[in-house]
Structure formats: structure tokens, C-alpha cells
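Okay, here's what each chain looks like letter by letter:
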2 protein chains.
Amino acid sequence: MNIGALGPAGSYSQKAVDEWSKSRHVTSLEIVYYQDIQDVFESVQDRTVDAGIIPIENSIEGSIGITLDQLLESSVVIVGEVVVPIQHCLLSKGTLDDIRIILSHPQALAQCRQFLKSNFPNTEIRTTGSTSHAAKLSNEFAEMAAIASRESADKYGLEILITDIQDKKNNHTRFIVISSPDLSEEIKNITADLITPDGPDYRTSIIVYIEKDSPGALYTILGEFASRDINLTRIESRPSKKGLGDYVFYIDLNGSINEKDIKEAIDGVAMKVKNIKVLGSYPIHHYPEQTDN
Amino acid sequence: MNIGALGPAGSYSQKAVDEWSKSRHVTSLEIVYYQDIQDVFESVQDRTVDAGIIPIENSIEGSIGITLDQLLESSVVIVGEVVVPIQHCLLSKGTLDDIRIILSHPQALAQCRQFLKSNFPNTEIRTTGSTSHAAKLSNEFAEMAAIASRESADKYGLEILITDIQDKKNNHTRFIVISSPDLSEEIKNITADLITPDGPDYRTSIIVYIEKDSPGALYTILGEFASRDINLTRIESRPSKKGLGDYVFYIDLNGSINEKDIKEAIDGVAMKVKNIKVLGSYPIHHYPEQTDN
């Protein structure tokens, strides 16, 4: 099978693909690299690729807006997730004194905001479509530095000038695996050998649109889950883009849509909101936590 | 009085200050410009300026992460808000064919994501601390273009090449007015002549930190408001930065902390969460909605 991801090689998305395919014992997986997240969605949707892997949230900087928007607008479903530890490095062909321009993806720049403010308050900042693209571009001039992974230093012939420059040592990004709805069962079957006697824990992701000025609507919705002891692991609002004060809510909950309680809760929510979209149920990725200090 | 804002002159923050001072009939207001949002917070906190005005959310791209983080970390309070219509233009000294580099603030770039993807897929993008700073820099080279306000074209000697380039025509940014706690009453008194016989509508902003793995905790909190018919106008999660899945919630509600119901609800919430921070109660800015099409 092939899978779309943010490229070029050396990106954290590549790490996510490697981690996912390793844990799923997927062999002969071909990665197709794209310039931006929207392109990955489009290629998954038109089945140019079997699946895609894209970042959805980071533990320092929060949600990736374009991913949330695309989940609402496109017809893809979520079939898996994988969490990758993020350790940004400052990479360059030159020395610290040479640096005039720092390049990286906007999310990585935001994750290193304090580092940049303290150490490079007046240095020009340029954004790129991915951290690995920043590393690739930095190879051209000694005055350029990239914020990217350790691996992309090797890949693009750069020196690691400083390691672990993100504002919190404990930094993780959660990626989701997406596919078109008609391929989702096939891709989920790839994970079948993962299922232990107890079965994997599942997470279900939904989007609900509550009309503006519906006081208490969110409370009523959450009640459908609370009354069934269903644990919500995430609730995130995003502008509906119809105007200020009008939001769409992204909710993650523990359990699979195949469980009776979850199904009933979601049916209950559907009765109460203008729109609901079930993005899918998929195995939770349990990963080792790091500790700050 | 003086007020800190994102500069240089010509920024949307300047528009926000103008709008706020006009509606509050504040005369002789001096604007002190800063390079970034964190600097505005610091200057308000150490009382270098009497107040600050900073963007908090946009109707296309959502929350401004650094503002939310600073509201949690600093000791400032919110004393007012103002909503500004945002109409981005593409500005340059050169022509469309000359453009090799586009500069703007990351939020403005995100608000024009589709425009950029369709029209400038391979053009280099550089981020700046503000839209007006982008306009100022673009004055140097004909190959540079800025995404900024119409006003900054005049200010920095640029031509308006394309108007209204944000992805949705209806685009607003909500700014908040912040001050140090000991100055907040004084600044609120400035708005006293605004108070009509019915009194202005107030909004109250709070931050709550719910410990991870407290199923139903958010539901219980929202219940304190729902049971008192208090309308929540916004609920936004932000990483606690302790690790994935651990969030801080920013909640806006209709009403003032001086009202008995609101006070009781907030006291009720305080009993149920690990941490609560009341950011302040302030008059709601009612503004004319635009319509798309």
C-alpha cells in the first residue's frame, strides 16, 4: 500500500509513518510526499493514495487548524492515530554567528517561540511547508538555519547547532491516519494482528455544529456522554467561518461506535444539533510519556 | 493615557485602538507600538503603559495561541473588547508579475490560505511580527508583497494590487483591552459615559484547569452555568503544555461578575476544578455583521 504524508523525507510525518507501519507490522509501505496538508487530504479523497498521515495536535501549540478544517470539509475518515515525540534542533551548514535567517513550519516556530525570542529576537523568520523542507532549503546558504528533526540534519548535510529547542522538553504531536470511507475497513484490517485478547482501546472522533445562540446546547450534548460514563478526551472549538461567536466542536471520546453505549450517545447528540459528522473509531496509540525537568 | 499595541503604525491593532477610543470618547490617547504580543503583555504588567490592546480570536482562523497563553501566565486583567472588520489586501511597490516573496503575520497568512494556494503556490512566504511590519518591509523591494490593510498601503508607499483576499469575505478579529489589576477600575471608568439607562451588556472571561482523566468534569462545570441560564459565548481548549490530552479551558459568558448568579456559578466552578482564573468582566462590543456574497 502507499500513504501520503508531508514531505520531503526527514519530516516528523515520515517518523509518524515509520512508527505506525512498525506498530502495525505493515511491510512494503510506500510513502508519497506532499507539499502541504491540504494536498494530502485531496490525494486520499481521490484515492491517489490508499491512506494519509497528518498532524492534528501538538502538546505545546495545540491544534493544527488546517487539519481540523479539512476534516470538516472533506469526506475522509480517521482509521488510526500515532503519537510522535518532537525534539526540534537548530540545524545549519554554518555556525551560530552566521545565522541571519531561520526557516521552519509555522507550528514548529510556535513550539520554539521562547527560544527564538530569547536567542534570535531580530533574526528574519521564513515559513516553509514542513520542517524537512526548511532543512533542505538551509543547505543552500550558511546564513540560513532550520528548525527541524535531528534526522533531517543527516539527510540534508547540516550540522546540529543546538538540540531540544522547543519551549517544553515534553513535546508530542498526535498524527491521524486517514482514508477514503470505502477503503477504511481494509486499512483497519491491517491492524487486526494488533488486537490483544482484551482488544485495543478505541477512540471515536466526531464533529458537531451547534447553532449560535443556543444557550446550554453544548451542556446538553456533553450530558449524552456523561450520563453513560463515556470519557471525553478532547473538546476543541474551531470557527464555523460564518462569523465571530459561531463555532464547530471537535470531540474525541473513549470507545468505539460499535459499542452500544457510544452508538446511543451519538444518536442522542444527533437529535440535538444542526449537524454531526462521525469521523471514525480507531485504536488508541499508547506511548511512553516523557517528563519535564 | 497611553496604550500598547502591535506595531508599527497601520496595523489592525491601530484600527482596534482607534475604534475603542472613539467608542469610549477617549481623547489624547497615545499609542505605544511593540514588536510582538508578548511585549505588549509585559509592558502592561510592569505598567510601562496604562493598557494594551491585543487580538484574541479571528472569525476565520480562530484563537491567537500566544494571547491565550499570556492570559494564563501573566497577571493582567481584561477591561474591554473591540471587534474590527479585517479586509486584507495584497500590497506591493511592484506589479503582480514582480512578486517573488510574500510577507505577513502568520494569522493573516492563514486567513488567506486558499488565496495563496491558488494564486501563489510556489512563492516564498516570510512571516513578520505584524501585517504593518510586512508592509513596511515590502517598501524596500518591488519583488516583495505584503498582506496587510488598505491603510498600510498609503502609510508605506505601496500599491493595492488585490483587495479582500481573505478566504471568507466576512472576517472579523476580536481584540481585548488589558490592564494591570490595580489600574482596571480606572480604565473601566473611562467607559462610564457609555452606560445607557439599561446598562451595557457585559461579558466575563475565565480560565479553568481541569485535571486530565476527570471524566465528566467539563460537563459538571458547564452545569453550573446551564442551571442558572447563563449563556456561554465561547469555550476554547488550549494545551496545558504538560502533555497531550491535558487542557486548559477558556470560557466566555454573558453577564458580569457583579451579578449574583454569575458570582455563584463561578464560585461553584471554583469548588470543582484544580485552578480557576477570572480574567474580568467588561462591556460587550456590538458591531455590524457583514454578510458573505
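Residues numbered from 1 in each chain as written. Chains lettered and ligands numbered in written order. Predicted model: local features only at pLDDT ≥ 70, side-chain atom pairs only at ≥ 80, totals over all residues. Heavy atoms only, no water.

1. Some words on the relation of the copies chain A and chain B
Reasoning step 1: Of the two same-sequence chains, chain A is brought onto chain B (RMSD 0.0 Å, axial shift 0.0 Å) by a rotation of 180°. Interpreted geometrically, this transformation is the action of a two-fold axis. The C-alpha atom lying nearest the rotation axis in chain A is that of R126 of chain A; the distance is 2.1 Å.
Reasoning step 2: When you check the interface residues of chain A against chain B, 100% turn up at the interface there too, and the contact is symmetric in its surfaces. (Least-squares fit on C-alpha atoms with pLDDT ≥ 70 in both. Contact = heavy atoms within 4.5 Å.)

2. Considerations on the packing of helix α9 (residues 217-226) of chain A against helix α9 (residues 217-226) of chain B
Reasoning step 1: Between α9 of chain A and α9 of chain B, whose axes approach to 9 Å, the crossing angle comes to 140°. If you check the angle between α9 of chain A and α9 of chain B, you find them oblique. Considering only the axes of α9 of chain A and α9 of chain B, their crossing is left-handed. Counted together, L218, Y219, L222, G223 and A226 of chain A of α9 of chain A and L218, Y219, L222, G223 and A226 of chain B of α9 of chain B form the full contact between these two elements.
Reasoning step 2: Taken together, the residues of the contact of α9 of chain A with α9 of chain B break down into eight nonpolar, two polar and no charged. (Axes fitted to C-alpha atoms, helices over the stretch in contact; angles between N-to-C directions. Helix = DSSP H or I, 4+ residues; strand = E, 2+ residues; numbered from the N terminus. Parallel < 35°, antiparallel > 145°, perpendicular 65-115°, else oblique. Left-handed = near helix turned anticlockwise from the far one by under 90°. Nonpolar A, V, L, I, M, F, W, Y, C, P; charged D, E, K, R; others polar.)

3. Some details on the sheet that holds strand β8 (residues 124-127) of chain B
Reasoning step 1: Ordered by their spatial adjacency, 10 strands build an open sheet running β10(A)-β6(A)-β9(A)-β7(A)-β8(A)-β8(B)-β7(B)-β9(B)-β6(B)-β10(B), and the pairing between neighbours is mixed. For this open sheet the edge positions go to β10 (159-162) of chain A together with β10 (159-162) of chain B, each flanked by a neighbour on one side alone. Averaged over all pairs of adjacent strands, the angle between their axes in this sheet comes to 35°, without regard to strand direction.
Reasoning step 2: The sheet strands contacting helix α6 (residues 131-138) of chain A are β6 (89-92), β7 (101-104) and β9 (144-148) of chain A, and the helix crosses β9 of chain A at an angle near 155°. (Pairing = 2+ DSSP bridges.)

4. As for the environment of T127 of chain A
Reasoning step 1: Inspection of the secondary structure puts T127 of chain A in strand β8 (residues 124-127).
Reasoning step 2: For T127 of chain A, a relative accessible area of 13% corresponds to the buried category.
Reasoning step 3: Setting aside residues no more than four positions away along its own chain, T127 of chain A makes contact with S104, P106 and L109 of chain A together with I125, R126 and T127 of chain B. (Buried < 20%, exposed > 50% of the residue type's maximum accessible area, 1.4 Å probe, protein only.)

5. Structural notes on the UniProt feature "domain: Prephenate dehydratase" (unreviewed entry) in chain A
Reasoning step 1: Per the UniProt record, the feature "domain: Prephenate dehydratase" (unreviewed entry) sits at residues 2-180 of chain A.
Reasoning step 2: Split by type, residues 2-180 of chain A is 32% helix and 32% strand. Its first and last C-alpha atoms lie 13 Å apart. (UniProt positions renumbered as here; feature names shortened; annotations may be inferred.)

6. Details of the interface of chain A and chain B
Reasoning step 1: Contacts between the two partners involve 53 residues from chain A, matched on the other side by 53 residues from chain B.
Reasoning step 2: Interface of chain A and chain B: buried area, both sides summed, is about 4,200 Å²; carbon and sulfur atoms make up 49% of it.
Reasoning step 3: It is Y219, K241 and L244 of chain A that lose the most area in chain A upon contact with chain B, and together they represent 17% of the buried surface on that side.
Reasoning step 4: On inspection of chain A and its partner chain B, the count reaches eight salt bridges. (Buried area = accessible area lost by both parts, 1.4 Å probe. Salt bridge = Lys/Arg side-chain N within 4 Å of Asp/Glu carboxyl O.)

7. Describing unusual backbone geometry
Residue and element names in this part refer to chain A.
Reasoning step 1: The omega angle of the peptide bond from G7 to P8 is 5°, so this bond is cis rather than trans.
Reasoning step 2: Turning to its location among the elements, P8 is positioned in the loop between β1 (2-6) and α1 (12-23).
Reasoning step 3: If you check the backbone angles, D164 has positive phi at about 55° while not being a glycine.
Reasoning step 4: Relative to the assigned elements, D164 resides in the loop between β10 and β11 (172-179).
Reasoning step 5: When its relative accessible area of 30% is taken as the criterion, D164 is described as partly exposed.
Reasoning step 6: For K241, which is not glycine, the phi dihedral falls at a positive 75°.
Reasoning step 7: With respect to the helices and strands, the residue K241 is situated in the loop between β13 (232-239) and β14 (247-254).

8. A short note on the state of the cysteines
Reasoning step 1: As enumerated under the stated definition, the model contains zero disulfides over all chains in all.
Reasoning step 2: No disulfide involves C112 of chain B; its sulfur sits 9.5 Å from the nearest other cysteine sulfur, which is in C89 of chain B. (Disulfide = S-S within 2.5 Å.)

9. What to know about the packing of aromatic side chains
Reasoning step 1: Across all of its chains, the model carries three aromatic pairs over all chains by this definition.
Reasoning step 2: Judged by centre distance (6.0 Å) and plane angle (50°), the rings of F115 of chain A and F120 of chain A are tilted. Neither F115 of chain A nor F120 of chain A differs from the other in exposure class; each is buried.
Reasoning step 3: Aromatic side chains Y219 of chain A and Y219 of chain B sit 4.6 Å apart centroid to centroid with 5° between the ring planes, which places their arrangement in the stacked category. (Phe/Tyr/Trp six-rings, centres within 6.5 Å; stacked < 30°, edge-to-face > 60°.)

10. Focus: the sheet that holds strand β15 (residues 275-283) of chain A
Residue and element names in this part refer to chain A.
Reasoning step 1: In space, the four strands of this open sheet follow the order β13-β14-β12-β15, with antiparallel pairing throughout. Both edges of this open sheet fall to β13 and β15, since each of them pairs with a single strand only. Mean inter-strand twist for the sheet, computed between neighbouring axes without regard to direction, equals 15°.
Reasoning step 2: As judged from the eight bridges shared by strand β12 (residues 202-209) and β15, these two strands associate in the antiparallel manner. Its bridge partner lying in β15, V208 is registered against I276.
Reasoning step 3: Along the sheet face, helix α3 (residues 65-73) touches β12, β13, β14 and β15 and points at about 90° away from the line of β13.

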